[in-house]
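So the chains spell out like this:
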Amino acid sequence: MGSDSDAISDETLVLRVANADRTAFGMLVDRHALRYRALAFRYLGDVALAEDLVQEAFVKLWTHARKFDADKARFTTWFHRVVVNRCLDEKRRKKPEALPEEYDQPDDSPSVEHDMIEADGNASVARALETLSGRQRMAITLSYFDGLSNAEAADVMKLNLKAYESLLVRARGKLREILIAEKQQLFEALG
């Protein structure tokens, strides 16, 4: 034989919850928590997540009980939709990806200090290139930065191969002089 609390319908309890009746809320939780936790667990496959989700659904019931309309749906149908929607939201939510097994392996990539030194070196080369004549700068750029063969670069500059190679040799020599002078100035500044 059931108790008096079993005789009170879910819909009546929700109306009482809308008026902040904690006892009615407790009765609904006692009646339905396990059922909806099982539903969430079957969908999500995680007991703790299912418990959290159902708890959030009951919090939503507590805060939004006034939105429930007993003329449109039974409580169990309405609450079922609340739980299912939370399950669907949880499945859609982007999960963090697990770290790869080799995650804790040492990083062999160049350090920030190395990158800074390299960037400073690149800046020195760029400054030195600016001091070359336009034709010498073009020869260095085509051969070393664009990766063209000497024959291709000579065609681009409309020079015969021997003239291009001579221009390239002069350009490299001039660049070397400039960079050595800059290096010497740096050493003198450091003392």
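Residues numbered from 1 in each chain as written. Predicted model: local features only at pLDDT ≥ 70, side-chain atom pairs only at ≥ 80, totals over all residues. Heavy atoms only, no water.

### As for the packing of aromatic side chains
Phase 1 of the analysis: With the rule as written, the count across this model stands at 9 aromatic pairs.
Phase 2 of the analysis: The interplanar angle of 75 degrees and the centroid separation of 6.3 Å between the aromatic rings of Phe68 and Phe75 together place this pair among those described as edge-to-face. Considered together, Phe68 and Phe75 belong to a single accessibility category, that of buried residues.
Phase 3 of the analysis: Of the aromatic side chains, those joined through ring pairs into one cluster are Phe25, Tyr36, Phe58, Trp62, Phe68, Phe75, Trp78 and Phe79. (Phe/Tyr/Trp six-rings, centres within 6.5 Å; stacked < 30°, edge-to-face > 60°. Buried < 20%, exposed > 50% of the residue type's maximum accessible area, 1.4 Å probe, protein only.)

### Points about helix α3 (residues 22–44)
Phase 1 of the analysis: Along α3, the sharpest change in direction is near 50 degrees and occurs at His32.
Phase 2 of the analysis: For α3, every residue scored as buried is listed here: Ala24, Phe25, Met27, Leu28, His32, Tyr36, Leu39, Ala40 and Leu44.
Phase 3 of the analysis: Looking at where α3 begins, the residue whose side-chain oxygen comes 2.9 Å from the main-chain nitrogen of Thr23 is Asp21.
Phase 4 of the analysis: In the stretch just after α3, Gly45 is the one whose phi turns positive, near 75 degrees. (Bend = angle between axes of the 7 residues up to and from the residue. Helix = DSSP H or I, 4+ residues; strand = E, 2+ residues; numbered from the N terminus. Polar contact = N/O pair within 3.5 Å; in protein donor to acceptor, adjacent residues only side chain to side chain.)

### What about the nonpolar core?
Phase 1 of the analysis: With 27 residues, the main nonpolar core has Leu61, Phe75, Phe79 and Val83 as its most contacted residues.
Phase 2 of the analysis: Secondary structure elements with two or more residues in this core: α2 (10–18), α3, α4 (47–64) and α5 (75–92).
Phase 3 of the analysis: A total of 8 residues in this core trace back to one element, the largest contributor, which is α3.
Phase 4 of the analysis: Leave out the neighbours within four places in its chain, and Phe79 touches Tyr36, Ala57, Phe58 and Leu61.
Phase 5 of the analysis: Residues Leu129, Leu167, Leu168 and Ala171 belong to the second largest nonpolar core, which totals 16 residues. (Core = buried A, V, L, I, M, F, W, Y, C linked by side-chain atoms within 4.5 Å. Contact = heavy atoms within 4.5 Å.)

### Section: the environment of Ile178
Phase 1 of the analysis: Checked against the element boundaries, Ile178 lands in helix α9 (residues 161–190).
Phase 2 of the analysis: Considered as a pair, Ile178 and Ala128 are 50 residues apart in the sequence and their alpha carbons are 6.1 Å apart.
Phase 3 of the analysis: Discounting residues that sit within four places of it in the chain, Ile178 has contacts with Ala128, Thr131 and Leu132.

### Brief notes about the environment of Glu165
Phase 1 of the analysis: As for its position among the elements, Glu165 is in helix α9.
Phase 2 of the analysis: With 15 residues separating them along the chain, Glu165 and Asn150 place their C-alpha atoms 7.0 Å apart.

### Notes on the side chain of Thr76
Phase 1 of the analysis: Mapping Thr76 onto the fold places it in helix α5.
Phase 2 of the analysis: A relative accessible area of 8% places Thr76 in the buried class.
Phase 3 of the analysis: When neighbours within four sequence positions are excluded, Thr76 is seen to be in contact with Asp10, His32, Arg35 and Tyr36.

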